[in-house]
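What follows is the residue order along each chain.
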Amino acid sequence: MWIGSPLRGALRLLTYFLFTLILLPVQLIALLFNIVPVYRWLPVYYHWAVCLILGIRVRVHGKQSTVTPTLFVCNHVSYLDIEVLGGMVPGSFVAKAEVAAWPFFGWLAKAQRTIFVERVSGSASKSRDEMLKRLDTGDNLMLFPEGTSSDGTRVLPFRSALFAVAQLRRDDRPIVVQPVAVAYTRLDGIPLGRYWRPLFAWFGDLDLVPHLWQMVCLGETEALVTYFEPVDIDRLGDRKKLAEYCHRQVSMGVQAANSGRLELLPALAKAA
C-alpha cells in the first residue's frame, strides 16, 4: 500500500541533492589540504541538515560521551542511521566494504573518511589497523557491530571481532566505548508498530531505490537515540564480554523505544 506525497518526496530529493553538491566540494578541499576542523565538523552539520530536509526529528535520551576518542557502538536499522548519528557525533563510520562501490553514496562515505571493513580474513587485519590508527589520533568511530541492518524490532548479535579496537590504550587508558540504540518510533506523531516499521528499516533483500523513494514521501519521522553509560574493556574483561554487554544495553534501548516505555530503562549515560 502506497502512502505519502510524491510532491513532498520530489522536493526533498531535489533539495538533498543540491545541498550535497554544494557542500561536497568543500569537504573534498578540506581533505586535500588537511584542514582538520572542517573535515571533522562539516559532516556533522551536513547530516544534521539532511535530517531536517528529510523530515527526521531526532529525540535524544541519555548523554553522549564527551571523551575523545570514543567508540560508539550502535544497532543498524537503515541508511537513515548515518544521518541521525552523523548529525550528532564528529567522527567516522565503520562500514562493510561493499558500500565503497555504491554509486553516489559510496562517494559520500569516502568523503567522510569511512573505514571499510573487508569480510575476508586476509584483509580484516588491515581494516582493524586503520580503526586503531584513527582512534589513536583522536578520531571518534561509529560502529555497527551487527554487520548488517535489521528490521528495527530486534537487534542482531554483535560480532565480537569488531571490538578488538577497544583493546587499544591511549596514555595507558582504555578506549571509551558507548552503547547507542537507534529506533524509528513515530510517523506524524503516531506510534509505529511492527507492521509500519519497514517503512524506515532497510534490511534483507529490500531494493534501495524504491525504499528510499517511499521514505522521502512520508511525513515527519521521529528517531529516538538512547545513549547508555560509557564503559571500557578493563571493566568487562575482554572483547567478547564487552560485545555481549553492549548488545544487552542496545537491545534494551530498542525494545523500550519501540514500546514507548523509556521509563523502564535504568540510569543512562553519564558523560565519561
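Residues numbered from 1 in each chain as written. Predicted model: local features only at pLDDT ≥ 70, side-chain atom pairs only at ≥ 80, totals over all residues. Heavy atoms only, no water.

Draft legend 1. Structural view of the nonpolar core. Counting residues in each nonpolar core, the largest one holds 43 residues, and the members touching the most others are Leu54, Leu80, Val84, Leu85, Tyr184, Phe200 and Met215. Elements represented by at least two residues in this core include exactly α1 (6-32), α2 (36-54), β2 (70-74), α3 (80-86), β8 (176-187), α6 (208-216) and β10 (221-227). Here this core gets seven residues from one element, more than from any other, and that element is α2. Contact partners of Leu80, with chain neighbours within four places excluded, come to Leu54, Ile56, Tyr184, Phe200 and Met215. (Core = buried A, V, L, I, M, F, W, Y, C linked by side-chain atoms within 4.5 Å. Buried < 20%, exposed > 50% of the residue type's maximum accessible area, 1.4 Å probe, protein only. Helix = DSSP H or I, 4+ residues; strand = E, 2+ residues; numbered from the N terminus. Contact = heavy atoms within 4.5 Å.)

Draft legend 2. Representation of the pairing of strand β3 (residues 91-96) within the structure. Summarising burial for β3: five of the six residues are buried, a large majority. When β3 meets strand β5 (residues 140-143), the two strands line up parallel, connected through four bridges. Note on β5: the bridge partner recorded for Val94 is Leu143. One ladder, built from three bridges, connects β3 with strand β4 (residues 115-117); its direction is parallel. In the sheet register, Val94 faces β4, and the bridge partner there is Ile115. You can see the chain leave β3, run along helix α4 (residues 105-111) and come back into β4, and the turn it takes is right-handed. (Pairing = 2+ DSSP bridges. Right-handed = clockwise from strand over helix to strand, strands pointing away.)

Draft legend 3. Seen up close, the environment of Ser150. Among the structural elements, Ser150 can be located in the loop between β5 and β6 (169-170). As for Ser150 and Pro230, which are separated by 80 residues in sequence, their C-alpha atoms are 24 Å apart. Sequence-distant contacts of Ser150, defined by excluding residues within four places in its chain, comprise His76, Val77, Leu156, Ala201 and Phe203. A polar contact of 3.2 Å, which involves the side chain of Ser150, links it to the backbone oxygen of Arg154. (Polar contact = N/O pair within 3.5 Å; in protein donor to acceptor, adjacent residues only side chain to side chain.)

Draft legend 4. Expanded view of the side chain of Thr153. Inspection of the secondary structure puts Thr153 in the loop between β5 and β6. Taking relative accessible area as the criterion, Thr153 reaches 18% and is therefore assigned buried. Here the side chain of Thr153 touches Arg197 through a polar contact of 2.9 Å, side chain to side chain. Setting aside its immediate chain neighbours within four residues, Thr153 contacts Arg194, Arg197, Val254 and Asn258.

Draft legend 5. Representation of the packing of α1 against α2 within the structure. Two elements in contact, α1 and α2, have axes whose closest approach is 10 Å; the angle formed by their N-to-C orientations is 180°. With respect to α2, the element α1 is oriented roughly antiparallel. Across from Arg12, Thr15, Tyr16, Phe19, Thr20, Leu23, Val26, Gln27, Ala30 and Leu31 in α1, the residues of α2 making contact are Val38, Tyr39, Leu42, Pro43, Tyr45, Tyr46, Ala49, Val50, Ile53 and Leu54. Its residues assigned to classes, the contact of α1 with α2 comprises 16 nonpolar, three polar and one charged. (Axes fitted to C-alpha atoms, helices over the stretch in contact; angles between N-to-C directions. Parallel < 35°, antiparallel > 145°, perpendicular 65-115°, else oblique. Nonpolar A, V, L, I, M, F, W, Y, C, P; charged D, E, K, R; others polar.)

Draft legend 6. Quick look at the pattern of salt bridges. The tally for this structure, following the rule as stated, stands at 11 salt bridges. When the shortest N-O distance is used, the salt bridge between Glu222 and Arg57 registers 2.8 Å. Of this pair, Glu222 sits in strand β10 while Arg57 sits in strand β1 (residues 56-61); the two residues are 165 residues apart in sequence, bridging distant segments of the chain. Residue Arg170 is joined to Asp136 by a salt bridge in which the shortest nitrogen-to-oxygen separation is 3.7 Å. Taken as a pair, Arg170 in strand β6 and Asp136 in helix α5 (residues 121-136) lie far apart in primary sequence, 34 residues in all. Here Arg170 falls in the partly exposed class, since its relative accessible area comes to 24%. (Salt bridge = Lys/Arg side-chain N within 4 Å of Asp/Glu carboxyl O.)

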